[in-house]
Amino acid sequence: MAMTNQPTETMQSPLHNAVLGRSNAAVAGIRMCEYKFYGHLNLRGDPAKEAFLSAVRMVLGLVLPSAPCSRVRNDTATVHWLGPNEWLLLVTPGHELQIEADLRAVLVGQHAAVVDISSAQMLVNLSGTKLPELLQKSTVYDCDSAYLPVGKVVQTTFAKTIATLCRCEDGSIDLIIRRSFADYFMLWLQDTSAEYGLAVVDP
(Lines give C-alpha, C1' and ligand atoms only; values in the text may rest on other atoms or scores of the structure.)
Protein backbone atom coordinates (compact mmCIF):
# COMPACT_ATOMS: atom_id res chain seq x y z
CA MET A 1 0.00 0.00 0.00
CA ALA A 2 1.30 3.44 -0.90
CA MET A 3 2.28 5.63 2.02
CA THR A 4 0.75 9.08 2.08
CA ASN A 5 0.81 12.01 4.45
CA GLN A 6 -2.36 13.93 3.76
CA PRO A 7 -2.97 17.12 5.76
CA THR A 8 -5.48 16.72 8.57
CA GLU A 9 -7.69 19.23 10.33
CA THR A 10 -5.15 19.46 13.16
CA MET A 11 -2.20 20.32 10.90
CA GLN A 12 -1.32 23.98 10.57
CA SER A 13 1.16 25.69 8.31
CA PRO A 14 3.86 27.96 9.79
CA LEU A 15 1.98 31.00 8.49
CA HIS A 16 -1.57 29.92 9.40
CA ASN A 17 -2.06 33.11 11.44
CA ALA A 18 -0.43 35.50 8.94
CA VAL A 19 -3.45 37.72 8.44
CA LEU A 20 -2.17 41.20 9.34
CA GLY A 21 -1.39 43.84 6.78
CA ARG A 22 -3.09 42.20 3.82
CA SER A 23 -4.00 44.33 0.81
CA ASN A 24 -6.27 43.76 -2.14
CA ALA A 25 -4.46 41.40 -4.50
CA ALA A 26 -5.44 43.51 -7.49
CA VAL A 27 -3.49 46.55 -6.29
CA ALA A 28 -0.79 45.03 -4.06
CA GLY A 29 2.78 45.45 -5.25
CA ILE A 30 3.85 42.26 -3.42
CA ARG A 31 2.06 38.93 -3.50
CA MET A 32 2.98 36.08 -1.19
CA CYS A 33 1.67 32.55 -1.25
CA GLU A 34 2.70 29.68 0.99
CA TYR A 35 3.04 26.18 -0.42
CA LYS A 36 1.63 24.34 2.56
CA PHE A 37 2.56 20.84 3.66
CA TYR A 38 5.19 20.23 0.99
CA GLY A 39 7.71 17.56 1.90
CA HIS A 40 11.32 18.67 2.33
CA LEU A 41 13.85 15.85 1.98
CA ASN A 42 17.60 16.29 2.31
CA LEU A 43 19.51 13.85 0.10
CA ARG A 44 23.23 13.10 0.38
CA GLY A 45 25.25 10.80 -1.86
CA ASP A 46 28.17 10.46 -4.26
CA PRO A 47 27.28 11.74 -7.74
CA ALA A 48 30.35 9.96 -9.13
CA LYS A 49 28.64 6.63 -8.38
CA GLU A 50 26.34 5.52 -11.18
CA ALA A 51 24.54 3.20 -8.75
CA PHE A 52 23.53 6.21 -6.67
CA LEU A 53 22.42 8.29 -9.63
CA SER A 54 20.43 5.51 -11.25
CA ALA A 55 18.72 4.59 -7.96
CA VAL A 56 17.57 8.17 -7.40
CA ARG A 57 16.52 8.50 -11.04
CA MET A 58 14.41 5.35 -10.73
CA VAL A 59 12.48 6.78 -7.76
CA LEU A 60 12.14 10.41 -8.80
CA GLY A 61 12.03 10.10 -12.56
CA LEU A 62 14.63 12.88 -12.61
CA VAL A 63 18.36 13.13 -13.21
CA LEU A 64 19.95 14.78 -10.19
CA PRO A 65 21.28 18.24 -11.09
CA SER A 66 25.08 18.29 -11.17
CA ALA A 67 25.65 21.92 -12.13
CA PRO A 68 26.17 24.17 -9.09
CA CYS A 69 23.16 26.25 -8.05
CA SER A 70 20.74 24.51 -10.44
CA ARG A 71 17.47 22.63 -10.12
CA VAL A 72 15.32 20.11 -11.99
CA ARG A 73 11.63 19.37 -11.55
CA ASN A 74 8.64 17.34 -12.58
CA ASP A 75 5.03 17.12 -11.40
CA THR A 76 5.96 15.41 -8.13
CA ALA A 77 9.30 16.82 -7.03
CA THR A 78 11.70 19.72 -7.42
CA VAL A 79 15.38 18.99 -6.75
CA HIS A 80 17.72 21.82 -5.74
CA TRP A 81 21.50 21.45 -5.90
CA LEU A 82 22.93 22.54 -2.54
CA GLY A 83 26.47 21.20 -2.80
CA PRO A 84 28.64 18.62 -4.61
CA ASN A 85 26.98 15.77 -2.69
CA GLU A 86 23.81 17.36 -1.31
CA TRP A 87 20.35 18.10 -2.72
CA LEU A 88 17.04 19.40 -1.39
CA LEU A 89 13.92 17.65 -2.62
CA LEU A 90 10.62 19.53 -2.44
CA VAL A 91 7.83 16.99 -2.79
CA THR A 92 4.17 17.73 -3.42
CA PRO A 93 1.92 16.99 -0.42
CA GLY A 94 0.95 13.36 0.00
CA HIS A 95 4.00 11.87 -1.72
CA GLU A 96 6.87 12.65 0.63
CA LEU A 97 6.63 9.56 2.86
CA GLN A 98 6.47 7.20 -0.11
CA ILE A 99 9.39 8.88 -1.88
CA GLU A 100 11.46 8.84 1.31
CA ALA A 101 10.72 5.15 1.82
CA ASP A 102 11.48 4.30 -1.81
CA LEU A 103 14.77 6.20 -1.74
CA ARG A 104 15.84 4.47 1.45
CA ALA A 105 15.00 1.10 -0.11
CA VAL A 106 16.97 1.60 -3.32
CA LEU A 107 19.94 3.15 -1.52
CA VAL A 108 20.46 0.29 0.94
CA GLY A 109 24.16 -0.57 1.11
CA GLN A 110 25.25 2.72 -0.44
CA HIS A 111 27.02 5.60 1.28
CA ALA A 112 23.97 7.83 1.10
CA ALA A 113 21.38 9.44 3.38
CA VAL A 114 17.79 10.65 3.12
CA VAL A 115 16.43 12.87 5.92
CA ASP A 116 12.94 14.34 6.21
CA ILE A 117 13.35 17.98 7.25
CA SER A 118 9.78 19.05 6.45
CA SER A 119 9.13 20.19 10.01
CA ALA A 120 12.18 22.48 9.92
CA GLN A 121 11.49 24.46 6.75
CA MET A 122 8.78 26.35 4.91
CA LEU A 123 8.29 27.24 1.26
CA VAL A 124 6.75 30.49 0.06
CA ASN A 125 6.59 32.27 -3.28
CA LEU A 126 6.99 36.03 -3.71
CA SER A 127 5.85 37.94 -6.78
CA GLY A 128 4.48 41.32 -7.80
CA THR A 129 5.50 44.52 -9.56
CA LYS A 130 7.52 45.69 -6.56
CA LEU A 131 9.39 42.43 -6.01
CA PRO A 132 12.77 43.83 -7.16
CA GLU A 133 12.51 46.66 -4.65
CA LEU A 134 11.52 44.28 -1.87
CA LEU A 135 14.45 41.99 -2.60
CA GLN A 136 16.88 44.91 -2.62
CA LYS A 137 15.80 45.73 0.92
CA SER A 138 15.77 42.12 2.13
CA THR A 139 18.80 40.23 0.82
CA VAL A 140 22.47 40.94 0.19
CA TYR A 141 22.40 38.89 -3.02
CA ASP A 142 21.80 40.79 -6.27
CA CYS A 143 18.53 39.25 -7.48
CA ASP A 144 18.60 40.93 -10.88
CA SER A 145 17.77 38.39 -13.57
CA ALA A 146 21.36 38.61 -14.79
CA TYR A 147 22.55 37.08 -11.51
CA LEU A 148 19.45 35.09 -10.57
CA PRO A 149 18.12 33.69 -13.85
CA VAL A 150 15.27 31.19 -14.06
CA GLY A 151 16.17 27.95 -12.30
CA LYS A 152 19.21 29.24 -10.43
CA VAL A 153 19.37 28.28 -6.74
CA VAL A 154 21.14 30.61 -4.31
CA GLN A 155 21.77 30.10 -0.61
CA THR A 156 21.93 33.49 1.06
CA THR A 157 20.04 35.47 3.69
CA PHE A 158 16.63 37.12 3.74
CA ALA A 159 16.74 39.85 6.37
CA LYS A 160 18.38 37.97 9.27
CA THR A 161 17.39 34.43 8.38
CA ILE A 162 19.22 31.91 6.22
CA ALA A 163 17.33 31.40 2.98
CA THR A 164 17.41 29.53 -0.31
CA LEU A 165 16.16 31.50 -3.31
CA CYS A 166 15.20 30.30 -6.76
CA ARG A 167 13.68 32.25 -9.66
CA CYS A 168 10.66 30.62 -11.28
CA GLU A 169 9.67 30.68 -14.92
CA ASP A 170 7.06 33.41 -14.30
CA GLY A 171 9.66 35.71 -12.72
CA SER A 172 8.54 35.09 -9.14
CA ILE A 173 10.89 33.89 -6.41
CA ASP A 174 10.61 30.69 -4.40
CA LEU A 175 11.91 31.24 -0.89
CA ILE A 176 12.81 28.47 1.55
CA ILE A 177 13.45 29.50 5.15
CA ARG A 178 13.52 27.84 8.53
CA ARG A 179 10.14 27.26 10.09
CA SER A 180 11.29 28.78 13.37
CA PHE A 181 11.67 32.12 11.54
CA ALA A 182 8.10 32.10 10.21
CA ASP A 183 6.78 34.85 12.49
CA TYR A 184 9.91 36.96 12.00
CA PHE A 185 9.70 36.53 8.23
CA MET A 186 6.07 37.60 8.12
CA LEU A 187 6.65 40.64 10.31
CA TRP A 188 9.60 41.65 8.14
CA LEU A 189 7.61 41.11 4.96
CA GLN A 190 4.69 43.17 6.23
CA ASP A 191 6.95 46.03 7.33
CA THR A 192 9.13 46.02 4.21
CA SER A 193 6.19 45.87 1.80
CA ALA A 194 4.06 48.44 3.64
CA GLU A 195 4.66 51.09 0.99
CA TYR A 196 3.79 48.67 -1.83
CA GLY A 197 0.84 46.76 -0.42
CA LEU A 198 0.98 43.07 0.48
CA ALA A 199 -1.47 40.40 -0.67
CA VAL A 200 -1.43 36.94 0.88
CA VAL A 201 -2.85 34.65 -1.79
CA ASP A 202 -3.49 30.97 -2.35
CA PRO A 203 -1.22 29.00 -4.73
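Because the structure is a prediction, the values reported are computed rather than measured.

**Focus on helix 2 (residues 96-106)**
Thought 1: Regarding helix 2, the residues found buried are Glu96, Ile99, Glu100 and Leu103. Taken around the axis of helix 2, the buried residues stretch over an arc of 100°, which confines them to a single face.
Thought 2: Elements that come into contact with the buried residues of helix 2 comprise strand 2 (39-44), helix 1 (50-60), strand 5 (86-91) and strand 6 (113-116).

**Some remarks on the nonpolar core**
Thought 1: Of all hydrophobic cores here, the largest spans 24 residues; its most connected members are Leu15, Met32, Leu126, Leu175, Phe185 and Leu189.
Thought 2: The set of elements that each furnish at least two residues to this core consists of strand 1 (30-34), strand 7 (121-127), helix 3 (131-138), strand 8 (153-158), strand 9 (161-167), strand 10 (173-178) and helix 4 (182-192).
Thought 3: Per-element accounting of this core gives the leading share, four residues, to helix 4.
Thought 4: Apart from residues no more than four positions distant in its own chain, Leu126 is found in contact with Arg31, Met32, Leu131, Leu134, Phe158, Ser172, Ile173, Leu175 and Leu189.
Thought 5: In terms of nonpolar packing, the next biggest core, distinct from the first, is built from 18 residues, Leu64, Ala77, Leu107 and Val114 among them.

**Regarding the sheet that holds strand 7**
Thought 1: Strand order across the open sheet formed by six strands is 8-9-10-7-1-11, with mixed pairing between neighbours. Every other strand in the sheet has two partners, leaving strand 8 and strand 11 (198-200) as the edge strands with one partner each. Within the sheet, the average angular offset between the axes of one strand and its neighbour, ignoring direction, is 30°.
Thought 2: The pairing of strand 1 with strand 11 spans three bridges and is parallel. Within strand 11, the residue paired with Arg31 across the bridge is Ala199.

**A word on helix 3**
Thought 1: Every buried residue belonging to helix 3 is among Leu131, Leu134, Leu135 and Ser138, and all of these are buried. The arc that holds every buried residue of helix 3, seen down its axis, measures 95°, which confines them to one face.

**A look at the environment of Ser54**
Thought 1: Structurally, Ser54 is set in helix 1.
Thought 2: Residue class for Ser54 comes out partly exposed when judged on its relative accessible area of 28%.
Thought 3: Between the alpha carbons of Ser54 and Leu64 there is a distance of 9.3 Å; along the sequence they are 10 residues apart.
Thought 4: Among the polar contacts listed, one links the side chain of Ser54 to the backbone oxygen of Ala51, at a separation of 3.2 Å.

**Overview of the side chain of Arg71**
Thought 1: Looking at where Arg71 falls in the secondary structure, it is placed in strand 3 (residues 71-73).
Thought 2: Those residues within four positions of Arg71 in sequence are excluded, and the remaining contacts are Pro65, Thr78, Val79, His80, Gly151, Val153, Cys166, Arg167, Cys168, Glu169 and Asp174.

**Regarding the packing of helix 1 against helix 2**
Thought 1: Where helix 1 meets helix 2, the axes come as close as 9 Å, and the angle between the chain directions of the two elements is 150°. In terms of axis orientation, helix 1 runs roughly antiparallel to helix 2. At the point where helix 1 passes helix 2, the crossing takes the right-handed sense. Contacts between helix 1 and helix 2 involve Ala55, Val56, Met58, Val59 and Leu60 on the former and, on the latter, Ile99, Asp102, Leu103 and Val106.

Calculation rules
- Residues numbered from 1 in each chain as written.
- Predicted model: local features only at pLDDT ≥ 70, side-chain atom pairs only at ≥ 80, totals over all residues.
- Heavy atoms only, no water.
- Buried < 20%, exposed > 50% of the residue type's maximum accessible area, 1.4 Å probe, protein only.
- Helix = DSSP H or I, 4+ residues; strand = E, 2+ residues; numbered from the N terminus.
- Arc of directions from axis to C-beta.
- Contact = heavy atoms within 4.5 Å.
- Core = buried A, V, L, I, M, F, W, Y, C linked by side-chain atoms within 4.5 Å.
- Pairing = 2+ DSSP bridges.
- Axes fitted to C-alpha atoms, helices over the stretch in contact; angles between N-to-C directions.
- Polar contact = N/O pair within 3.5 Å; in protein donor to acceptor, adjacent residues only side chain to side chain.
- Parallel < 35°, antiparallel > 145°, perpendicular 65-115°, else oblique.
- Left-handed = near helix turned anticlockwise from the far one by under 90°.

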